[in-house]
Every structure is written in structure tokens, then in C-alpha cells.
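Coordinate inspection notes
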Amino acid sequence: MATALIDQISKGIVETIHESLLVLDSDLKVILANRSFFDSFEVTPEETLGSFIYDLGNRQWDILQLRELLENIIPEKASFDNYSVENDFPSLGRRTMLLNARQIEQGAGEERIILLAIEDITDRMKLETMLRDSEIRYRHLFETADDGILLLEKKELKIRHVNPAITAMLGYSDEECVGKDMMDIGFPSNTVKVQEILESLDKEGIIHYKDIAVQKRTGQVIDTDIYMVDKANLVQCNVRDVAERKEIEAGLDKAHEELKELTTRLKLADLAKSEFLANMSHELRTPLNSIIGFSEALYDETFGPLNEKQSHYVSNVLSSGKHLLLLINQILDMTKVEAGKMTLTLSSLHMKSLLNEILLLVGDMVAKKKMEILLEIGEDLPNIEADDLKVKEILYNLLSNAVKFTPEGGKIGVRVKKADSEIEIVIWDTGVGIASENMQKIFEAFFRVDTPYSRITEGTGLGLPLSQKLVELHGGNLSVESEGLNKGTLVRFTLPITSRRVA
Amino acid sequence: MKKRALVVDDNANNLILETDLLDVAGFEVLLAGDASSAILIARKQKPDIIILDVRLPDMRGSEVARILRQDKETRDIPIIFVTASVTTEGREEIKTITNSLFIGKPINTRTFAKEIIQFIK
């Protein structure tokens, strides 16, 4: 080849190679440096060429080991390969360099030159360390695993290694397994079809066999779960004795059965409770309806006149019957609510009409006590979505309380107004009020303060607590305010306009 | 001519009360204590109105009504259901029967007869 071409090629090679290249004269000054050197060490030709090697890059090459190489080893040996230098380079950090050095004699009289090839092997070494650590960890896992592990080569799935767990599980030592097929150490032949396995592993990466019977060295057969995993140049086969899994599964099945049985029993008990409530309700009301019906017809003198005594007595029977009916209805409602069995039948209610209906009912009481009722019902009151019987019950309870606990000549009032997504109803009176220490107790069933207004013949002690529960079932809220004894009472409750019931 | 009413209820006290109230109001009252007797009497005597308890020992009141409505002899007799049930499902059954009304239990002794006279008109 022509010298010019060789020259060009040589120069090209020097500039193309990855490794950093330095050419030094006998005084260790840099005659030549390649592009890789400038790029790797982030220096310019100006800073490099002609300088002492030790002066380069802020004297970062002034390293004892380099001096050792250039001044002692090379003059003697003429070439040295794979000389490792580890240094904390100011500009690069801690790096390990691998150096190849060669001395070239130029003939008599001419100075010798030194070629220095520098390879930064820091990253390579790091990877090697990581790989080594990983292998150590894997080996540790392999040796200490509870599951049996077989490592198989990928051509014919012959065993390369087994871990101690395999030996413990099947009774074959490592030497007895190496080079053999899995069939030879007790695995059923139909699970170890080499071609199929290799293809599956190729596609999915993992194969799972459940409940494989494997024969130990002793002849005893155990049930196992087997996982085969593709591990690049090997197949890793995990074998687990499923005695434990089966125990857990049996336990779960049993728990599941018990749960099913419990659920069935609960459902039956719940059904029984509903039936009981319905039956009790019917049984209690039937004779009571007779008592009320007959005594009412008598009292009205439908079948003939009564004398004063007869009239008085029959009137007592009638009012006692009605009282009892009220009590039974309230108790049954309370029981239903607390058993979570109270359902609401919703319809669109016109509050004004409802109120008027109830006011009619308490009208007699009000007239008798010469009381005044003040009504303040908002103008554009929307209809509400609620259970009409329950709302009537609430209004009746609260209104009759107001009337009952207010002395003659007193005042009671009803205010209804819209409040955002709810309507707010206030029933107030100028009556006996509630002492602050009783504020919580009034919501207890059958609680009654000893006042002349709570005669035993009237009231049940359930009106307020039941009303509160019914309000809450609709998704509303009920509260009571009173400034104290004889300062009147105010009951405030809300009902959502569109149902957000809890039942 | 006296109007004829058939009162059907399995509870003796209810029968007595309803019968007496209607009697005082000028009705001729027939009685039945169960569904089968009610149907028999209705077919034979053709009352002007039937007051029917929905809960009878042998059949539901609504079933009785359906049977009576299918028979051309008794198709047009107005029926008043007496029910303690206030649930809508109870009322749904009754709504499908033509020419019928329901009254809740316990009955209002003061308005019972009046409501029935009103309905016949």
C-alpha cells in the first residue's frame, strides 16, 4: 500500500478507537493525544500537547502508580498490559483506569517514545460487582429456600443442580441428580415433555403445574405444585410440597361453609323477627278494635239511650281503649324502628293540608283549654317526598305534647318554612318548659317529668323519642329548645324535600 | 225496600259490630264467616253491597272479589274491603277490583254506615 494511504489509515484508526491514546516522548511530554482522550477527560489539545503528562488536567495524572509504570516498569519491560490505576480524579471523580503501555525504540540516536492506551473500566467493574453480588444472593436463596429448586439445562432439561430442599424433600443428593432427567428422580413422565415445556416457556415465561404426584427415594408419594421459570440460559424448577396448601384450602372451605350456615341462620332469625312483629301487631290490635268499636257505639247511644252512670263508664272504657291503642301503636313502631324494620312509603305531601288535618284532631283539646294557636306557614312551600302516615304521626305527637303541657289560656304555634333542600317545622308552646338537666332525658322512652301536666292517663312517654326516630328515618333532624321551667318549649325538625331516607 | 248487605269477617266481634251498625242504619244484613260461605250467599241472595274483610281463613278477600267479578250473577255488586293493612301492597291488590272501595280498621263507628250508603248510590 502507498505510504500516504497507510498514513491516512493509521491516523484514522487512532482517531476512531474508543480507547484514549497518548504518545509521550522520552521526557514524558505529550506528543500526541487522540480525540477519545480529549472527549473522555474533557480537555483541549492546547492544554494537552507539549505538556508533561503529570501536569495534565491540574496534575490529576500525577499519580504514584503512573509514575511507577512510566519510569520504572516500562524502561525495563518495554511493554505492559492491563495496568490498573485507581484514582480520585478532580474532574471525573473516583475512577479505575486500565492502562496498556508500550515503549518504541526508534533506533540509535533517536529518542524512544511511549504509547499509552487508557480504558476507563469503572463502570464495567461496578457491573461486575453487582453481578457477583446478585449471584451470591441467588446462591444464598437457592441454598436456603424452603421450596425445592432444580436448575435444568435448556437443551434436554437435564438436571444441573438441586438445592438442599430437594434433597430433604425427595431423598436424592446433589450428585445423584446431576445429569439426570426429572423422571429419574421421581417426577411423572407426562409432566416432563421437553419440547412442550421449552415452547411454553418461550411463549409465557412460566409454567404452573398443580397437584403433581412425585415419588420420593423411599417410594412414598407426595403431592406437589411445580413452577418452571425461564432463566435465560437455565430453567429454574420450583417444587413445593402442597400438604400445607391443602391444609389452608381445607380450612378456607370449612370457614366458607360455616359462614354460609351462619348467614342462613341469621336470615331465618331475621325473618322470624319480622313475622313476630307482624303477628304481635295483629294479635294486639284485633281485640282492642273490638273494645273501641263496641264502647264507641254504646257511648253514641246507637242502640238506645244510656243513663249517666252507664254513659260515664262506657266513656272510660272507650278512652282507655284508645289510650291503649295509641300505646301499642307507638311501642310497635318504636320496636320496628329499632329493629331496622321500619320502611317508609313515600308520596308527595302537601304540608298545609296535612297540618290542617292534624290541627282538627287536636282541635277539641285546644278549645277545651281555651288556647290560641298561631300558624305561620311559608308562602311557596313545596310538597315534600315523605311517608304521609309517619309525618302525620310526628305532627300529632308534637302538637298534642304542646297542648298537653301548656296551661289553660296559653299559646301554641306552628311555623313552617323552606330551608334550602329541606323544610323546617317549628312547634312551640308557652307551657311548662324543660329544665336543662332533663334535656337529654326527654328523648328516653317512657321518661316523664312529674308535673301536673303529665297525668298518667294521658300521654305515653313515647311521643317525642318516636317522633325523633321517624324524622331521622327520613333523613331529617329533630331538636328541642327550652329556656327552662315555665318558659315554654320549642321543637324544631327538618324534612328533606326530596327523599334522602335512611330506611 | 230495605237494602241488603252481606258482611264477611272471620272475627265474631267484628261481625257483630258491623252488622248492628248496618241494622240500625236500616239494612237487612246477611253474614258469612269465611270465603266459601260468602260466595255461596252472594250468588243465592244477590245483596246490594258486600262488606268484605281482606283476611279470611280460606282465601284472600281480593281472591273472593275476583271470583265474584267473574260470575255474571255477582259481577256488578259493589264491594267494600275492610282492611287493617295500611301498606301500599295491600291496597294494590284491591285497586284492581272494579266497583270497590276500602275502609281501614279499626272502623269508624260513626261514619261506617254513612260511607256504605254513600257508596251504593
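All of the points below concern the structure found in this document. The written sequence of each chain sets the order in which its residues are numbered from 1. Chain letters and ligand numbers both follow the written order, the letters beginning at A and the numbers at 1. For a predicted model such as this one, the threshold for reporting local features is a pLDDT of at least 70, and the threshold for listing and counting side-chain atom pairs is 80 or more; totals across whole chains, interfaces and linings nevertheless cover every residue. By convention in this description, side-chain values take in all heavy atoms of the structure and omit both hydrogens and water.

**Examining the interface of chain B and chain A**
- Across the boundary between the two partners, chain B contributes 16 residues, which contact 16 residues of chain A.
- Here the quantity called buried area is the accessible surface, traced with a 1.4 Å probe, that two parts lose on coming together, added over both. Note on chain B versus chain A: buried area summed over both sides is about 1,300 Å², and carbon and sulfur give 63% of it.
- For this document, the term salt bridge refers to a Lys or Arg side-chain nitrogen within 4 Å of an Asp or Glu carboxyl oxygen. Seen at the junction of chain B and chain A, the total is two salt bridges.
- Note that arginine 110 of chain B and glutamate 296 of chain A form a salt bridge whose closest N and O atoms lie 3.8 Å from each other.
- The term polar contact refers here to a pair of N or O atoms within 3.5 Å; inside protein, the definition further demands a hydrogen-donor-capable atom paired with an acceptor-capable atom, and it admits residues adjacent in sequence only when both atoms are side-chain atoms. One can count three residue pairs in polar contact (both at pLDDT 80 or more) joining chain B with chain A.
- Runs of H or I in DSSP of at least four residues are treated as helices and runs of E of at least two as strands, each being numbered from the N terminus. Per element, the largest residue contribution to the side of chain B that touches chain A is seven residues, and it comes from helix α1 (residues 12-24) of chain B.
- Here the side of chain B that touches chain A is composed, by residue class, of six nonpolar, six polar and four charged. Contact definition: two residues touch when any of their heavy atoms are within 4.5 Å. Lys, Arg, Asp and Glu make up the charged group, whereas Ala, Val, Leu, Ile, Met, Phe, Trp, Tyr, Cys and Pro make up the nonpolar group; the residues left over, Gly among them, are polar.

**What to know about the pattern of salt bridges**
- Applying the stated criterion across every chain yields a total of 34 salt bridges over all chains.
- Here aspartate 270 of chain A makes a salt bridge to lysine 341 of chain A, at a shortest N to O gap of 2.9 Å. With aspartate 270 of chain A in helix α10 (residues 243-299) and lysine 341 of chain A in the loop between α11 (308-338) and β11 (346-349), this residue pair connects regions lying 71 residues apart in the sequence.
- Residue classification places lysine 341 of chain A among the buried positions, given a relative accessible area of 17%.
- Here the residues in one salt-bridge network are Glu296, Asp300 and Lys322 of chain A together with Arg110 of chain B, joined through shared partners. Each residue is assigned to one of three classes by its accessible area relative to the maximum for its type, calculated with a 1.4 Å probe on protein chains only: buried under 20%, partly exposed between the two thresholds, exposed over 50%.

**Quick look at the pairing of strand β3 (residues 49-53) of chain B**
Residue and element names in this part refer to chain B.
- Taken across its five residues, β3 has five buried, putting it largely inside the fold.
- Judged by which residues are buried, β3 turns out to be covered on both faces: Ile49, Ile51 and Asp53 on one side and Ile50 and Leu52 on the other are all buried.
- In this sheet, β3 lies alongside strand β1 (residues 4-8) in parallel orientation, the contact comprising four bridges. The partner of leucine 6 across the bridge, within β3, is isoleucine 50.
- A pair of strands is labelled paired if DSSP reports no fewer than 2 bridges between them. The sheet contact formed by β3 and strand β4 (residues 79-83) spans four bridges and is parallel. The residue of β4 that forms the bridge with isoleucine 51 is isoleucine 80.
- With helix α3 (residues 61-70) bridging β3 and the parallel β4, this β-α-β connection has right-handed handedness. By convention a crossover is right-handed if, when the strands point away from the viewer, the path from the first strand over the helix to the second runs clockwise.

**Quick word on the sheet that holds strand β16 (residues 478-481) of chain A**
Residue and element names in this part refer to chain A.
- On the basis of which strands lie adjacent, the open sheet formed by five strands has the order β12-β14-β15-β17-β16 and mixed pairing. The sheet is open, and its two edges are formed by β12 (372-377) and β16, each paired on a single side. When strand polarity is set aside, the average angle formed by the axes of neighbouring strands in this sheet is 15°.
- Bridge analysis of strand β14 (residues 411-419) against strand β15 (residues 422-429) gives eight bridges, and the strand direction is antiparallel. Across the sheet, lysine 417 pairs through a bridge with glutamate 424, a residue of β15.
- In the packing of helix α12 (residues 351-368) onto the sheet, contacts are made with β12, β14 and β15, and the angle to β12 comes to roughly 175°.
- Sitting on the sheet, helix α14 (residues 463-473) is in contact with β16 and β17 (489-496), with an inclination near 140° to β16. Angles run from 0 to 180 degrees between N-to-C directions of axes, and those axes are lines fitted to C-alpha atoms, restricted for helices to the stretch in contact.

**Regarding the pairing of strand β1 (residues 20-24) of chain A**
All names here are of chain A.
- Here β1 lies mainly inside the structure; five of its five residues are buried.
- Side chains Ser20, Leu22 and Leu24 of β1 all project onto a buried face; the interleaved residues Leu21 and Val23 project onto the opposite face, where all are buried too.
- As defined by bridge partners, β1 adjoins strand β5 (residues 113-120) across five bridges and the pair is classed as antiparallel. Bridge assignment links leucine 21 to a residue of β5, and that residue is alanine 117.
- With three bridges joining them, β1 and strand β2 (residues 30-33) adopt antiparallel strand pairing. The residue of β2 that forms the bridge with leucine 22 is alanine 33.
- Where β1 hands over to β2, the hairpin turn is made up of five residues, of which leucine 28 adopts a positive phi near 65°.

**What about a negative patch on the surface?**
- Only residues whose relative accessible area exceeds 30% and that form no salt bridge are eligible for patches; like-charged ones are grouped when within 9 Å, while nonpolar side chains (Val, Leu, Ile, Met, Phe, Trp, Tyr) are grouped when within 5 Å. Using a 1.4 Å probe, accessible areas were evaluated by the Shrake-Rupley method; residue-level cover was limited to the displayed protein chains. For the purpose of counting charges, residues Lys and Arg are taken to be positive, whereas Asp and Glu are taken to be negative. His and the chain ends are not included. Taken as the charge centre is NZ of Lys, CZ of Arg, CG of Asp or CD of Glu, depending on the residue. The grouping of Asp146, Asp223, Asp241, Glu244 and Glu247 of chain A at the surface amounts to a negative patch.
- Looking at the element boundaries, glutamate 247 of chain A is found in helix α10.

Everything listed is a geometric property; what it means functionally is a separate question.
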